[in-house]
Amino acid sequence: MHMAIQKSISFDITIYNKLEELQEEDKMLMNAAVSARKRAYAPYSDFYVGASVLLDNGEIVEGNNQENASYPSGLCAERVAIFYAGSKYPGMKIKAIAISAASLNHEVNEPVAPCGNCRQSISEYEFRQKEPIRILLMGETGSVIECDSLADLLPLGFNSSYLN
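Since the structure is predicted, the reported quantities are computational estimates derived from the model, not experimental observations.

**Some remarks on the packing of aromatic side chains**
Working step 1: Scanning all chains against the criterion turns up 2 aromatic pairs.
Working step 2: An angle of 65 degrees between the planes, with centres 6.0 Å apart, marks the rings of Tyr-44 and Tyr-71 as edge-to-face. Of this pair, Tyr-44 sits in the loop between helix 1 (24–37) and strand 2 (47–55) while Tyr-71 sits in the loop between strand 3 (60–64) and helix 2 (77–88), and the two are 27 residues apart along the sequence.
Working step 3: A residue is classified by how much of its surface remains accessible, and Tyr-44, at 39% relative accessible area, is partly exposed.
Working step 4: The interplanar angle of 15 degrees and the centroid separation of 5.5 Å between the aromatic rings of Phe-158 and Tyr-162 together place this pair among those described as stacked.
Working step 5: Tyr-162 gets classed as exposed once you look at its relative accessible area, which sits at 54%.
Working step 6: Cation over ring: Arg-128 sits above Tyr-125, and NZ or CZ is 4.6 Å from the ring centre.

Cut-off values and rules
Every chain's residues receive numbers from 1 upward, in the order its sequence appears when written. Note on the predicted model: pLDDT of at least 70 is required for a residue's local features to be given, and 80 or more for side-chain atom pairs to be given and counted; whole-chain, interface and lining totals, by contrast, use all residues. Hydrogens are left out, water is left out, and the side-chain values use all remaining heavy atoms of the structure. In this scheme Phe, Tyr and Trp rings, the latter by its six-membered ring, pair at centre separations within 6.5 Å, and the angle between planes marks the pair as stacked below 30 degrees, edge-to-face above 60, and tilted otherwise. Segments assigned H or I by DSSP are reported as helices when at least four residues long, segments assigned E as strands when at least two residues long, and all are numbered from the N terminus. Only protein chains enter the area calculation, which uses a 1.4 Å probe; residues under 20% of their type maximum are buried, those over 50% are exposed, and those in between are partly exposed. Ring-over charges, as used throughout, are those where CZ of Arg or NZ of Lys falls within 6 Å of the ring centre and within 35 degrees of the ring normal.

Encoded structure:
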């Protein structure tokens, strides 16, 4: 008779009470995400998201959500930013991603995490570069959450190793 094994998956996060507590480089990265968020195109959901990507070469690439009347045709801020980074700087490693979200309908004062599609897309870059990507999450106001790796947000993730 086989016995099932139960395991626990956990990870650590760092919670900063406010943006000002971040190190300078991370503050700059989050401020770029906030700036990108303010330029998002979200006339249908009124939910604005900005993302900024810090690359190994020191460049910061921004993206924001781009909605479409045909909802599946839109694209999230995180994917806009990482796909643009991959297009403009092919082969450059991503060190960190900062994400900020706000709504016209209510105050977003808690950090907002990436959706499943964005987690999978960021995971692809993390797996490919064989180095973790730090994730910084913030609402419009309030605390900032830092995760050491996208793998923390997507345990048991799917990657290309399953296709070989």
